[in-house]
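# Structural characterization, general
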Amino acid sequence: MNFRYHTLMVQGCTSDAGKSTVVAALCRLLARDGIRVVPFKPQNMALNSAVTADGGEIGRAQALQAVAAGLAPHTDMNPVLLKPSSDTGAQIIIHGKVRADMHACDYHNYKPRAMAAVLESYQRLRAQYQVVMVEGAGSPAEVNLRARDIANMGFAEEVDCPVILVADIDKGGVFAHLIGTLACLSDSERARIAGFVINRFRGDPALLADGLAWLTQQTGKPVLAVLPYLHGLTLDAEDAVETAQQDGHFRIVVPRLPHISNHTDFDALRAHPDVSLVFAGAGDALPPADLIILPGSKNTRSDLAFLRKQGWDSAISRHLRYGGKLIGICGGYQMLGTQIDDPDGLEGEAGSSAGLGLLMMETVLTGDKRLQNVAGHCTFADAAVSGYEIHMGRSQGAALATPAFMINGTAEGAISNDHQVLGSYLHGLFDHPEAQAALLDWAGLKQARAVDLAALREASIDRIADACLPLYQALQAR
């Protein structure tokens, strides 16, 4: 089957309008029809990332879209990744590797070089695949970011591709979003809008008929599809932390740190029928729990200071005193040690911070970033484990003599002598069903059922693809 577009870009009126989901759905539909399709996002800003087959780092959404297209994630799918380390600064990752840490104004001046990297990746993908399905970032209506734009219309104009514009009706004001976005575009940018997609609609689409006719009359642009609100999806989130509480009897609490990263580590737990997972935010007391998990962090020492300011260190001590279990992942693992040193100021001001002192180890942050997909087995149970490492720290100390996992014959992580505290650099700890069941059993949920996250993700991709079939058909008919 043919598809008339060799490159098609999906942009949104707002962040979280559904761009990532629509791109994933179209990738799955094209792949079903035997069309070689590849996802592409020129520039992404996200603290949720994935390790690629070529040993780099990309946004989590592009890894999900690669799964939808039946591909292994590759750094060309997201050539520029920005990982914020503060309100005004970010780590700049080009073609999967750390290039620098920059202030926002410095990055703005760097954008022409970033665009060169974007176009280099795009041309490679364009030569290998029949369709490049592109996702924008944020909104093209952000006029303050138009100069040197590489993420939205700046890219579309450079490669001369059509754009479909997605608006989230669940946020309210959907017609204002669409009309207002068009008003912020130049004439040439407006001309390349092929049509609109209204996302997350609840109810009878017939009730929208008059509004859709008015929108087309006002803009001269067709509404290509109205997509339904789908409940119960299991898809990797780009940034927003899902805070809904489940009804399971086993209670897990995750402190919501300001620079929390890779909170997709908890997707399998969110989906577990026996688990109630709660994120505790600023000003919240840590509620009673069977297990507390300290998540990854892009600014570990700053987040550790925040944790102490909230009084959560005292709550964790009380939790352990009464027999609770504690897991630290990546930055959370580093917090469990006795000291964290950042001599070069890689994550902010240079200096050292005392850790929580729950594992006898020290961590030094270094400029070389470890990026690796790994597999092995648990030391505390007969169970396989898999995951990925994305970190800049190196830890050492007596605690590492009792590892949590063996990865290719090498010890990884640590377990305290009383078996109440476990730390690991591995993200995705709970994704493998065997490791998930073993970790929950270790934490006190005996004979835990295993949730197959990969199967749930595949089923969710198929659901969004089926829901987007009218959009796919409308694009084919144009």
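It should be noted that the structure appears before, not after, this text.
Keep in mind the model is a prediction, meaning the values are calculated, not measured.

### What about the packing of helix 2 (residues 60–69) against helix 13 (residues 453–467)?
Contact geometry of helix 2 with helix 13 gives a least axis separation of 10 Å together with a crossing angle of 75 degrees. The angle between helix 2 and helix 13 falls in the class roughly perpendicular. In contact with R60, L64, V67 and A68 of helix 2, helix 13 contributes R457, E458 and I461. Here the contact of helix 2 with helix 13 is composed, by residue class, of 4 nonpolar, no polar and 3 charged.

### Remarks on the packing of helix 1 (residues 19–32) against helix 13
Across the interface, helix 1 lies against helix 13 with an axial gap of 8 Å and an inter-helix angle of 90 degrees. It follows from the interaxial angle that helix 1 and helix 13 lie roughly perpendicular. Contacts from T21, A24, A25, R28, L29 and R32 of helix 1 reach helix 13 at E458, I461, D462, I464, A465 and D466. Residues belonging to the contact of helix 1 with helix 13 are distributed by class as follows: 6 nonpolar, 1 polar and 5 charged.

### Some words on the sheet that holds strand 7 (residues 89–94)
In spatial order, the strands read 3-6-7-8; together these 4 strands make up an open sheet with mixed pairing. With partners counted over all chains shown, the strands left at the sheet margins are strand 3 (43–45) and strand 8 (97–103), one partner each. Across the sheet, the mean angle separating the axes of adjacent strands is 25 degrees when strand polarity is ignored. Two elements, strand 6 (residues 80–84) and strand 7, share 5 bridges in a ladder whose sense is antiparallel. Across the sheet, residue L81 finds its bridge partner in strand 7, namely I93. Across the face of the sheet, helix 3 (residues 104–128) comes into contact with strand 3, strand 6, strand 7 and strand 8 while running at roughly 150 degrees to strand 8.

### Quick notes on the pairing of strand 18 (residues 325–329)
Counting buried residues along strand 18, 5 of its 5 residues qualify, which places the element largely inside the surrounding structure. In strand 18, alternate side chains face the same way, and those of K325, I327 and I329 on one face and L326 and G328 on the other are all buried. Pairing of strand 16 (residues 291–294) with strand 18, which is carried by 4 bridges, proceeds in the parallel orientation. Counterpart to L294 in the pairing with strand 18 is G328. Sheet analysis places strand 18 next to strand 26 (residues 421–424), joined by 4 bridges and oriented parallel. Residue L326 lies in a different strand from strand 26, and its bridge partner there is V421.

### Looking at the sheet that holds strand 12 (residues 223–228)
Spatial ordering of the open sheet is given by 2-9-1-10-11-12, a layout of 6 strands whose pairing is parallel. Of all the strands in the sheet, just strand 2 (37–40) and strand 12 have a single pairing partner and so form its edges. With strand direction ignored, the average angle separating the axes of adjacent strands in the sheet is 20 degrees. Sheet topology places strand 1 (residues 7–12) next to strand 9 (residues 131–135); 4 bridges connect them, and they run parallel. Residue pairing for strand 9: V10 is matched across the bridge by E135. Along the sheet, helix 1 makes contact with strand 1, strand 2, strand 9, strand 10 (163–168) and strand 12, crossing strand 9 at roughly 165 degrees. Here helix 2 sits on the sheet in contact with strand 2 and strand 9, set at roughly 175 degrees to strand 2.

### Some remarks on unusual backbone geometry
Of note in the backbone geometry, H95 takes a positive phi value of approximately 50 degrees without being a glycine. Looking at the element boundaries, H95 is found in the loop between strand 7 and strand 8. Phi at R200 is positive, roughly 60 degrees, even though this residue is not glycine. With respect to the helices and strands, R200 occurs in strand 11 (residues 193–201).

### Some points on the pairing of strand 1
Two faces make up the sheet, and in a regular strand the side chains alternate between them. Here strand 1 lies mainly inside the structure; 6 of its 6 residues are buried. Taking every second residue as pointing to the same face, both faces of strand 1 are buried, with T7, M9 and Q11 on one and L8, V10 and G12 on the other. When strand 1 meets strand 10, the two strands line up parallel, connected through 4 bridges. Residue pairing across strands places M9 opposite V163, the latter belonging to strand 10.

Cut-offs and rules
- Residues numbered from 1 in each chain as written.
- Predicted model: local features only at pLDDT ≥ 70, side-chain atom pairs only at ≥ 80, totals over all residues.
- Heavy atoms only, no water.
- Axes fitted to C-alpha atoms, helices over the stretch in contact; angles between N-to-C directions.
- Helix = DSSP H or I, 4+ residues; strand = E, 2+ residues; numbered from the N terminus.
- Parallel < 35°, antiparallel > 145°, perpendicular 65-115°, else oblique.
- Contact = heavy atoms within 4.5 Å.
- Nonpolar A, V, L, I, M, F, W, Y, C, P; charged D, E, K, R; others polar.
- Pairing = 2+ DSSP bridges.
- Buried < 20%, exposed > 50% of the residue type's maximum accessible area, 1.4 Å probe, protein only.

By themselves, these observations are geometric and do not establish any function.
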